[in-house]
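Commentary on secondary and tertiary structure
Residues per chain, in single letters:
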Amino acid sequence: MALQFLPIALAVGSALLKFQGAQDAAKGSIIAGHRARAAAEAKARSLEVKAGQEIAIGQQRGFEEQRKARLVASRLVALAASSGGGASDPTVVNLLAGISGEGAYRQAVRVYEGKETARGLREQASGSRYEGEMAEEAAGFKAKAYRTAAKGAILQGAASMFANYGMGGPGKTDLSGTDDYGTYSGGRSFGDTGWENY
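Conventions adopted
- Once a new chain begins, its residue numbering starts again from 1 and follows that chain's sequence as written.
- Only residues with pLDDT of at least 70 are given local features in this predicted model, and only at 80 or more are side-chain atom pairs given and counted; all residues enter the totals for whole chains, interfaces and linings.
- Where side-chain values are given, they derive from all heavy atoms of the structure, hydrogens and water being excluded.
- Counting from the N terminus, the helices are DSSP H or I runs at least four residues long and the strands are E runs at least two residues long.
- The buried label goes to any residue with under 20% of its type's maximum accessible area, the exposed label to any with over 50%, and the partly exposed label to all in between, with areas taken from a 1.4 Å probe on protein chains only.
- For this analysis, residues touch if any pair of their heavy atoms sits within 4.5 Å.
- A 1.4 Å probe and the Shrake-Rupley method give the accessible areas. Residues count as covered only by the protein chains that appear here.
- One less than the number of residues in a helix, times 1.5 Å, gives the span that helix is expected to have.
- By the criterion applied in these results, polar contacts are pairs of N or O atoms within 3.5 Å in which, for protein atoms, one can donate a hydrogen and the other can accept it, and in which residues neighboring in sequence qualify only through two side-chain atoms.
- Here a salt bridge means any side-chain nitrogen of Lys or Arg lying within 4 Å of a carboxyl oxygen belonging to Asp or Glu.
- Axes here mean lines fitted to C-alpha atoms, for a helix over just the part in contact, with angles spanning 0 to 180 degrees between N-to-C directions.
- In this scheme, roughly parallel covers angles under 35 degrees and roughly antiparallel covers those over 145, while 65 to 115 is roughly perpendicular and the rest are oblique.
- Only Asp, Glu, Lys and Arg are considered charged, only Ala, Val, Leu, Ile, Met, Phe, Trp, Tyr, Cys and Pro nonpolar, and every remaining residue, Gly among them, polar.

**Some words on the overall build of the protein chain**
Within the protein chain, the secondary structure is distributed over 2 helices and 0 strands. Looking at the 198 residues of the protein chain, the share that counts as buried comes to 18%. Taking contacts inside the protein chain between residues at least 6 apart in sequence as the whole, the part at least 24 apart equals 77%. Total accessible area on the protein chain stands at roughly 14,000 Å², and carbon and sulfur atoms take up 60% of it.

Here's what the structure looks like:
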């Protein structure tokens, strides 16, 4: 007799499993979105740190260019002095001015290169954050779709049970032989136990 309820139990179990599976998928999607955003944020912070380092490296390279220019100027003065000339000689003055200007130019170029590299890294950091936000938002929409599917699974299971075991389904009890008072058309009442014979 219990086997007659087996199809109903299986239908209910199937609907509940589909519901739970969709809910778990929704949770998984949300978690994946949070993790994608956290990873993007970590990448962005790393890029920003590297950007700061690139500025410092550019400045250091600029200082190195200035140091080289001073060394060249110092060597020029030493060579001029050893040849009998002096630092005030017009040729030496012009050469020193050119060396100083070249050193300043190279320093500025190195600093600019560092700043440009840093700017590119900061833009990458902004892009990484944006990608993380989009991944999290997409995961939210996906989770919403899974939750909708979960509700649909319950409704589909209920509709299937109603179609099979509700009105007009195979398990419907046939009461067409009774009148409005619970009496079979054969004349015997549901409440008739036969006690009147004792």
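**Some words on the environment of Ser 160**
Turning to its location among the elements, Ser 160 is positioned in helix 2 (residues 90-165). By relative accessible area, which is 32% here, Ser 160 ends up partly exposed. Between the alpha carbons of Ser 160 and Ala 11 there is a distance of 7.8 Å; along the sequence they are 149 residues apart.

**Description of the side chain of Gln 107**
Assignment of secondary structure puts Gln 107 in helix 2. Take Gln 107: its relative accessible area is 19%, and that puts it in the buried class.

**Quick look at helix 2**
The α-helix winds at 3.6 residues per turn, so residues separated by three or four positions along the chain end up facing the same way. For helix 2, with 76 residues, the first-to-last C-alpha span of 111 Å sits near the 112 Å given by 1.5 Å per residue. Sitting at the head of helix 2, Asp 89 places a side-chain oxygen 3.1 Å from the backbone nitrogen of Thr 91.

**Some thoughts on the pattern of salt bridges**
If you walk through the whole model with that rule in mind, you get 12 salt bridges. Glu 102 is paired through a salt bridge with Arg 106; the nearest N and O atoms lie 2.8 Å apart. Taken together, the positions of Glu 102 and Arg 106, both in helix 2 and 4 residues apart, correspond to about one turn of that helix. Under the relative-accessibility criterion, Glu 102 is labelled partly exposed at 37%. Shared partners join several salt bridges into a network, and the residues in it are Glu 65, Glu 102, Arg 106, Arg 110 and Glu 113.

**Overview of the side chain of Ser 29**
For Ser 29, the position within the fold is in helix 1 (residues 6-82). In this structure Ser 29 touches Ala 139, Lys 142, Ala 143 and Tyr 146, once residues within four positions along its chain are discounted.

**A short note on the packing of helix 1 against helix 2**
Contact geometry for helix 1 and helix 2: axes closest at 8 Å, N-to-C directions at 180°. As judged from the angle between their axes, helix 1 and helix 2 are roughly antiparallel. Residues of the contact of helix 1 with helix 2, tallied by class, amount to 43 nonpolar, 18 polar and 20 charged.

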